[in-house]
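# Fold and geometry: a report
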Amino acid sequence: MRSDVEIAAEIKCILSDVDGVLTDGRITYTVEPDQSCRETKSFSVRDGLGIKLWMRSGFHFGIITARKSPLVAHRAKELGIEHLSQGVGDKWAAAQTMMSAMGVTPEQVCYVGDDLPDLCVMRRIALAAVPDDAATDAREFAHWTTRAHGGQGVVREVVERLLRGGDRWNEHLTKED
């Protein structure tokens, strides 16, 4: 069993799914007066801060999701996430493209997913993490399972564990956000 210190020394990039990881996996639709539907999602502010701290530490962060939503694009822009791939059918191909753009190898990547479409990436990277309420198959392939459920700080928990393992957490304790 490798220690968090050993693992953190290798990880330079976190790639994450959205629904079930950055959100609780529910998709809520409301009907507008003109009968069109509007989608809503809820994101954890703790995940947002965790992502910012990860990137401030000089590491890469990217989002890969099978669905396409202007809400996800808005959240990514709000957090300063430059690497966003939506409407993806093959998450491994999208991950390879993103890793190439970031200049990292699979051995330097942590992927946070929660369900079957994520397995193709989880099987090929250094560190696979899942929320506590992830699908059974995803939990079986994961190296780390967070205490948090999807949408409740999963990415923050992973970021904090990696930054603490890499002795990088304390540098953020004196900064104001």
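A few points on the structure.

The rules behind these values
- Residues numbered from 1 in each chain as written.
- Predicted model: local features only at pLDDT ≥ 70, side-chain atom pairs only at ≥ 80, totals over all residues.
- Heavy atoms only, no water.
- Salt bridge = Lys/Arg side-chain N within 4 Å of Asp/Glu carboxyl O.
- Buried < 20%, exposed > 50% of the residue type's maximum accessible area, 1.4 Å probe, protein only.
- Pairing = 2+ DSSP bridges.
- Helix = DSSP H or I, 4+ residues; strand = E, 2+ residues; numbered from the N terminus.
- Contact = heavy atoms within 4.5 Å.
- Axes fitted to C-alpha atoms, helices over the stretch in contact; angles between N-to-C directions.
- 1 Å grid on protein atoms, 1.4 Å probe; cavity = no way out; pocket = protein on both sides within 12 Å on 5 of 7 lines; lining within 4 Å.
- Points joined across faces, edges and corners; volume = space filled by probe spheres on them.
- Nonpolar A, V, L, I, M, F, W, Y, C, P; charged D, E, K, R; others polar.
- Expected span 1.5 Å × (residues − 1).
- Polar contact = N/O pair within 3.5 Å; in protein donor to acceptor, adjacent residues only side chain to side chain.
- Left-handed = near helix turned anticlockwise from the far one by under 90°.
- Arc of directions from axis to C-beta.

Another aspect to go through is the pattern of salt bridges. Taken as a whole and assessed by the stated rule, the structure comprises 14 salt bridges. In this structure, Glu-39 and Lys-41 form a salt bridge, with 3.2 Å as the shortest nitrogen-oxygen distance. Grouping residues by exposure puts Glu-39 and Lys-41 together as buried. One connected set of salt bridges, linked through shared partners, spans Asp-19, Glu-39, Lys-41 and Arg-67.

Taken in spatial order, the six strands make up an open sheet running 5-4-1-6-7-8, and their pairing is parallel. Unpaired on one side and paired on the other, strand 5 (83-85) and strand 8 (144-145) mark the two borders of the sheet. Bridge count between strand 6 (residues 109-112) and strand 7 (residues 127-130): three bridges; the pairing is parallel. Of the residues in strand 7, the one forming a bridge with Tyr-111 is Ala-128. Relative to strand 4 (residues 60-64), helix 2 (residues 45-56) is tilted by about 135°, and along the sheet it contacts strand 1 (13-16) and strand 4.

This part is about empty space enclosed by the protein. Scanning the entire structure with this criterion turns up one cavity of 30 Å³ or more. The space that makes up the largest cavity amounts to roughly 70 Å³. Together, Leu-22, Phe-43, Ser-44, Asp-47, Gly-48, Ile-51, Ile-63, Val-72, Arg-75, Ala-76, Leu-79 and Ile-81 line the largest cavity. Of all the secondary-structure elements, those providing two or more residues to the lining of the largest cavity are helix 2 and helix 3 (70-79). It is helix 3 that provides the largest number of residues to the lining of the largest cavity, a total of four residues. Among the residues making up the lining of the largest cavity, the classes are represented as eight nonpolar, two polar and two charged.

On to helix 4 (residues 91-102), then. Compared with the 16 Å implied by 1.5 Å per residue over twelve residues, the 16 Å span of helix 4 between its first and last C-alpha is a close match. Turning to helix 4, the residues buried within the fold contact strand 1, strand 4, strand 5, strand 6 and helix 5 (119-122). Its side-chain oxygen placed 3.1 Å from the backbone nitrogen of Trp-92, Asp-90 serves as the N-cap of helix 4. Looking at the residues trailing helix 4, positive phi occurs at Gly-103, about 75°.

Glancing now at the packing of helix 2 against helix 7 (residues 154-165). Relative orientation of the contacting elements helix 2 and helix 7 amounts to 35°, with a least axis distance of 7 Å. Note on packing geometry: the crossing formed by helix 2 with helix 7 is left-handed. In this structure, helix 2 uses Arg-46, Asp-47, Leu-49, Gly-50, Ile-51, Leu-53 and Trp-54 to contact helix 7, whose residues at the interface are Val-154, Val-155, Arg-156, Val-159, Leu-162 and Leu-163. Per-class residue counts for the contact of helix 2 with helix 7 are nine nonpolar, one polar and three charged.

The next point concerns helix 3. Along helix 3, the positions that sit buried rather than exposed are Val-72, Arg-75, Ala-76 and Leu-79. Down the axis of helix 3, the smallest arc covering the buried residues is 100°, so these residues share one side. Turned more than 90 degrees off the buried face of helix 3, the exposed positions are Pro-70, His-74 and Lys-77. At the N-terminal end of helix 3, a side-chain oxygen is found 3.1 Å from the backbone nitrogen of Leu-71, two or three residues along, and the residue is Ser-69. Backbone geometry just downstream of helix 3 places Gly-80 in the positive-phi region, at approximately 80°.

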